[in-house]
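# Examining the three-dimensional arrangement
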Amino acid sequence: MTAGVEALFAERARWLKASDVRELLKYTQDPSIISFAGGLPSQDAFPRDELRVIFEELLQEDRLPALQYGPTPGDPALRRELTSLMARRGIDASADRTVVTHGAQQALEFLGRVLLDPGDIVIATRPTYLGLFTALATYRPTYHDVPLDEDGILTDVLEDDLRALALDGIRPKFIYVVPTFHNPTGTSISARRRRRLADLAATYEVPVIEDDPYHDLRFEGDPVAPIASMNREGWIVYLGSFSKTLAPGFRIGWAHGPPALIQKMALAKQGADLFTNGFGQRVAERYLALGMLDRHLPRIRALYRRKRDVMLARMQETFPDRVTWTRPEGGMFLWVTIPSELDTRSILPAAAAQRVVYVPGHGFFAGTPEPNHMRLNYSLPSEPDIEKGIGILGALLDRAIRSSLPGPPLIGA
Ligand SMILES: Cc1ncc(COP(=O)(O)O)c(C=O)c1O
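Residues numbered from 1 in each chain as written. Predicted model: local features only at pLDDT ≥ 70, side-chain atom pairs only at ≥ 80, totals over all residues. Heavy atoms only, no water.

## Quick notes on the overall build of the chain
Selection criterion: For the purposes of this entry, the term helix denotes a DSSP run of H or I that reaches at least four residues, the term strand denotes a run of E that reaches at least two, and both are numbered from the N terminus. When a residue's accessible area, from a 1.4 Å probe over protein chains only, is under 20% of the maximum for its type it is buried; when over 50% it is exposed; and in between it is partly exposed. What makes two residues a contact is simply this: any of their non-hydrogen atoms within 4.5 Å. His is not counted, nor are the chain ends; Lys and Arg add positive charge and Asp and Glu add negative charge. Taken as the charge location is NZ of Lys, CZ of Arg, CG of Asp or CD of Glu.
Helices and strands together make up the secondary structure of the chain, namely 12 helices and 14 strands. Here the chain holds 413 residues, and 54% of them are scored as buried. Looking at the chain alone, contacts between residues at least 24 apart form 74% of all its contacts between residues at least 6 apart. When the 48 basic and 51 acidic side-chain charges of the chain are each reduced to a single mean position, those positions are 2 Å apart.

## Some thoughts on the packing of helix α2 (residues 48–60) against helix α9 (residues 278–289)
The cut-off we apply is this: To get an axis, a line is fitted to the C-alpha atoms, and for a helix only the part in contact is used. The angle between two axes follows their N-to-C directions and goes from 0 to 180 degrees. Any angle from 65 to 115 degrees is called roughly perpendicular, while one under 35 is roughly parallel, one over 145 is roughly antiparallel, and all others are oblique. Take the far helix as the reference: if the near one is turned anticlockwise from it by less than a right angle, the crossing is left-handed, and if turned clockwise, right-handed.
Interaxial distance between α2 and α9 falls to 10 Å at its minimum, and their mutual angle equals 120°. Taken as axis vectors, α2 and α9 run oblique relative to one another. For the element pair α2 and α9, the recorded crossing hand is right-handed. Where α2 abuts α9, its residues Leu 51, Ile 54, Phe 55, Glu 57 and Leu 58 lie against Phe 279, Arg 282, Val 283, Arg 286 and Tyr 287.

## Comments concerning the packing of aromatic side chains
Which entries qualify depends on this criterion: Two rings from Phe, Tyr or Trp (for Trp, the six-membered ring) form a pair when their centres sit within 6.5 Å of each other. Planes less than 30 degrees apart are called stacked, planes more than 60 degrees apart edge-to-face, and all others tilted.
Counted by the stated rule, this structure contains 9 aromatic pairs. With a centroid separation of 6.4 Å and an interplanar angle of 80°, the aromatic rings of Phe 55 and Phe 250 are classed as edge-to-face. Of this pair, Phe 55 sits in helix α2 while Phe 250 sits in the loop between β8 (236–241) and β9 (252–256); the two residues are 195 residues apart in sequence, bridging distant segments of the chain. Geometrically, the ring pair formed by Phe 133 and Tyr 143 is edge-to-face, given 5.1 Å between the ring centres and 75° between the ring planes.

## Quick notes on the pairing of strand β14 (residues 373–377)
As a reminder, the rule being used: Note: two strands are recorded as paired if DSSP finds a minimum of 2 bridges between them.
Within β14, 5 of the 5 residues are buried, leaving the element largely enclosed by the surrounding structure. Examined bridge by bridge, strand β11 (residues 333–337) and β14 share 5 bridges and lie antiparallel to one another. Residue pairing in the sheet places Val 336 in a bridge with Met 374 of β14. Examined bridge by bridge, strand β13 (residues 359–360) and β14 share 2 bridges and lie antiparallel to one another. From the neighbouring strand, Val 359 faces β14, where its bridge partner is Arg 375.

## Thoughts on a nonpolar patch on the surface
Quick note on the threshold: Two joining distances apply to patches: 9 Å for like charges and 5 Å for nonpolar side chains (Val, Leu, Ile, Met, Phe, Trp, Tyr), and every residue must have over 30% relative accessible area and no salt bridge. All accessible areas in this document rest on Shrake-Rupley with a 1.4 Å probe, and a residue is counted as covered only by the protein chains that are shown. By convention in these notes, a salt bridge is any Lys or Arg side-chain nitrogen within 4 Å of a carboxyl oxygen on Asp or Glu.
Judged by side-chain polarity, Val 5, Leu 8 and Phe 9 come together as a nonpolar surface patch covering roughly 360 Å² of accessible area. Looking at the secondary structure, you find Phe 9 in the segment before α1 (20–24). Judged by relative accessible area, which is 52%, Phe 9 ranks as exposed.

## Brief notes about the confidence of the model for the chain
Note the cut-off: Confidence of the predictor at the level of single residues is captured by pLDDT, which takes values from 0 to 100.
Taken over all residues, the pLDDT of the chain has a mean of 95, while the share at 70 or more is 96%. Overall, residues 409–413 carries pLDDT values under 50, and its contacts beyond four positions in sequence, including any with other chains, amount to 3 contacts.

## Concerning the side chain of Thr 187
Formally: For this analysis, a polar contact is any N or O atom pair within 3.5 Å, provided that within protein one partner can donate a hydrogen and the other can accept it, and provided that sequence-adjacent residues contribute only side-chain to side-chain pairs.
Residue position: Thr 187 is located in the loop between β6 (174–177) and α7 (191–204). At 2.8 Å, the side chain of Thr 187 forms a polar contact with the side chain of Thr 185. The residues contacting Thr 187, other than those within four sequence positions of it, are Asp 149, Glu 150, Pro 179, Thr 180, Phe 181, His 182 and Thr 326.

## Some points on the sheet that holds strand β10 (residues 324–325)
Pairing is antiparallel in the open sheet, where 4 strands are placed in the order β10-β11-β14-β13. Every other strand in the sheet has two partners, leaving β10 and β13 as the edge strands with one partner each. Contacting β10, β11 and β14, helix α10 (residues 292–318) runs over the sheet at an angle of about 15° to β11.

## Details of the nonpolar core
Just so we agree on the cut-off: For this analysis, a nonpolar core means a set of buried residues of the types Ala, Val, Leu, Ile, Met, Phe, Trp, Tyr and Cys, connected via side-chain atoms within 4.5 Å.
Membership of the largest hydrophobic core comes to 97 residues, with the highest contact counts inside it found for Phe 36, Leu 376 and Leu 393. The next biggest cluster of nonpolar side chains, apart from the first, holds 25 residues, and it includes Phe 110, Leu 116, Ala 124 and Tyr 139.

## Description of the side chain of Thr 276
With respect to the helices and strands, the residue Thr 276 is situated in the loop between α8 (259–273) and α9. Taking the relative accessible area as the measure of exposure, Thr 276 reaches 1% and is therefore buried. When residues no more than four places from it in sequence are discounted, the contact partners of Thr 276 are Val 100, Thr 101, His 102, Gln 106, Arg 251, Ile 252, Lys 269 and Gln 281.

## A look at the site of the ligand
What counts here: Proximity criterion: a residue is near a molecule or strand once any of its heavy atoms comes within 4 Å of it.
What surrounds the ligand is a group of 14 residues, the closest being Ala 104, Asp 211, Tyr 214, Ser 241 and Ser 243. One of the backbone nitrogen or oxygen atoms of Gln 105 is found 3.0 Å away from an oxygen atom of the ligand. Ser 243 has a polar side-chain atom sitting 2.6 Å from an oxygen atom of the ligand. If you tally residues by element for the shell around the ligand, the top one is helix α4 (residues 103–115), at 3 residues.

## Topic: the sheet that holds β8
Strand order in the open sheet formed by 8 strands is β2-β9-β8-β7-β6-β3-β4-β5, and the pairing between neighbours is mixed. Each edge of the open sheet is held by one strand with a lone partner, namely β2 (98–102) and β5 (152–153). Here 6 bridges tie strand β3 (residues 121–126) to strand β4 (residues 142–149), and the two strands are oriented parallel to one another. In the sheet register, Arg 126 faces β4, and the bridge partner there is Pro 147.

## Let's talk about α7
What counts is decided by this rule: To estimate the expected span of a helix, subtract one from its residue number and multiply by 1.5 Å.
With 14 residues, α7 should cover 20 Å at 1.5 Å per step; its first-to-last C-alpha distance of 20 Å lies within 8% of that length. For α7, the full list of buried residues reads Arg 193, Arg 194, Leu 197, Ala 198, Leu 200, Ala 201, Ala 202 and Tyr 204. The secondary structure elements touched by the buried residues of α7 are β4, β5, α6 (155–167), β6, β7 (208–211) and β8. Glu 205 sits one or two residues past α7 and shows a positive phi near 50°.

Below, the structure written as structure tokens:
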């Protein structure tokens, strides 16, 4: 008998592994479970009426271009709209430096394909978006992590690290950041640190990958311009997405950056899938050109603001003293820290038994994980579910903390 098909797998297939979050996503399909685990938009945030108008219009077009094959870098009209969108964010953009991708996730995968050989250094925050690890898995970089605080990546530490690496003759391939309403912590990089990042990228000639899918989801505080708007010498690659402001089902994102890199990414795209979902691209183009995004955003922001407020208020009521959390001014997530002797993974089964799930923090660390965090999503669950689910988590955290304290065993604990 011959060995199974696994014996035929290429070496790189060994590095393809399921991520915890995608495993947890199966819970989001079960309506009886309150899921704080996914990064899913609320279905109430989808622009249903606008889409009806757009679909009708696209199906009326002569020669039905929305259903036809299209150019690899993207629909020309959409690339022009993206140029204006980026210009409104302060970025000196152009259509020929833009490639439309199947979500920001595909742009990350292409960056790995174009830039990384095994062992190359990628700098990321600790914690960071865990989809980065899946996107880059087969390219096997070595991660170098830099801490963050409520103002984002610690640029002083980053500078020291870049200097030390340069002294060792090492030039990292890129620095990956999520500047606005960071996944998983919900924090944003301050304007001062963004300028510093732009300067460090130019000084050390290391690209910054600025992954900004939550840019438009600010419901509080003043907007902060993207790092790409502070970039004088072409060292910033800006990633955008329609997943959070239109719908993730269309899979429309984009990358904008140095021409040589964007051209290589387009070649990677040619091999991967020829071009991005043409219907979705035309939908995104119409959504922008007809001013629908700008009209719809206030609705999404108001919805998520209410949900965040409900979550924060309920946490304040029910979470025990030694638990802290971030207070995001936008986006979809907040980050909870429990006492360092506890592991949020060990609380998850009890939560799941009470039909509540969240993402334990350990998966968001490239280096040594800190197990005492959890990421909570507030965009998907309804307000009553947030109230109920946070109450359940609060009771479980209280119990876990009390049973970890020294002293006589708790009666009935
Ligand atoms: C920081 C970050 N980057 C990229 C993605 C993937 O987005 P897309 O749906 O555009 O592929 C996500 C999705 O949650 C994200 O949080």
